[in-house]
Amino acid sequence: MLRTPKSVPASIAAIGGMACVAAAIVMGSGAASAEALSPMPVGESQYGYLATHAITERAADMEVPEFIASIPVPEEYKLANLAMAARFDIAVDEALASPGGCVQVVIDPAPTGGGAFSYGFFAVEGKYCQP
């Protein structure tokens, strides 16, 4: 597993990361990469989670984007919720298009644009991922 300044094991990311994902539905914005690349740098104040390939496959099988999209949120956050689900879905698809690829989640608890935190989902090339 890639270790970045505040990385955690993928098993914790799968559990804790989903809690962060659920919490992020109402705040923040993120981006998904267009293709699997090297892991994104994680800043000093950010948290980075690099899932294993197996957990990325499991996320695809579990239909995580559908789960995210179905979480009941106030109407004013529904579009952000759907956008987050779509970004996650894109990142998973792009990661799995790379043999052995995985997803990286980066959470910034103090974004410059305001809000509680921001997040990003990124497809990572298989050569950077654990099986």
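On a predicted model such as this, the values are computed, not experimentally measured, just so you know.

(A) Main features of unusual backbone geometry. Phi is positive for Glu63, close to 55°, though the residue is something other than glycine. In this fold, Glu63 is placed in the loop between α2 (53-61) and α3 (64-70). Residue class for Glu63 comes out partly exposed when judged on its relative accessible area of 47%.

(B) Structural detail: helix α4 (residues 78-97). With 20 residues, α4 should reach 28 Å at 1.5 Å per residue; the first-to-last C-alpha distance of 29 Å fits that figure. For α4, the complete set of buried residues consists of Asn81, Met84, Ala85, Arg87, Phe88, Ala91, Val92 and Ala95. Down the axis of α4, the buried set is contained in an arc of 160°. They therefore lie on one face. Exposed and oriented more than 90 degrees from the buried face of α4 are Leu79 and Ala97.

(C) Just the environment of Asp93, in detail. Along the chain, Asp93 turns up in helix α4. As a C-alpha pair, Asp93 and Ala36 span 57 residues in sequence and 9.3 Å in three-dimensional space.

(D) Broad picture of the nonpolar core. Counting residues in hydrophobic clusters, the biggest one holds 18 residues, and the most contacted among them are Ile68, Phe88, Val103, Val105 and Phe121. Of all the secondary structure elements, the ones that give two or more residues to this core are α3, α4, β2 (102-108) and β3 (118-124). Considering every element that reaches this core, the biggest residue donor is α4, with six residues.

(E) Structural view of the sheet that holds strand β1 (residues 47-50). Strand order in this open sheet of three strands is β1-β2-β3, and the pairing throughout is antiparallel. Looking along the sheet, the strands with just one partner apiece sit at the ends: β1 and β3. On average, each strand axis in the sheet is tilted by 15° relative to the strand beside it, whichever way the strands run. Pairing between β2 and β3: seven bridges, direction antiparallel. From the neighbouring strand, Val103 faces β3, where its bridge partner is Ala123. Helix-sheet contacts for α4 involve β2 and β3, and the interaxial angle to β3 is about 20°.

How each quantity is defined
- Residues numbered from 1 in each chain as written.
- Predicted model: local features only at pLDDT ≥ 70, side-chain atom pairs only at ≥ 80, totals over all residues.
- Heavy atoms only, no water.
- Helix = DSSP H or I, 4+ residues; strand = E, 2+ residues; numbered from the N terminus.
- Buried < 20%, exposed > 50% of the residue type's maximum accessible area, 1.4 Å probe, protein only.
- Expected span 1.5 Å × (residues − 1).
- Arc of directions from axis to C-beta.
- Core = buried A, V, L, I, M, F, W, Y, C linked by side-chain atoms within 4.5 Å.
- Pairing = 2+ DSSP bridges.
- Axes fitted to C-alpha atoms, helices over the stretch in contact; angles between N-to-C directions.
- Contact = heavy atoms within 4.5 Å.

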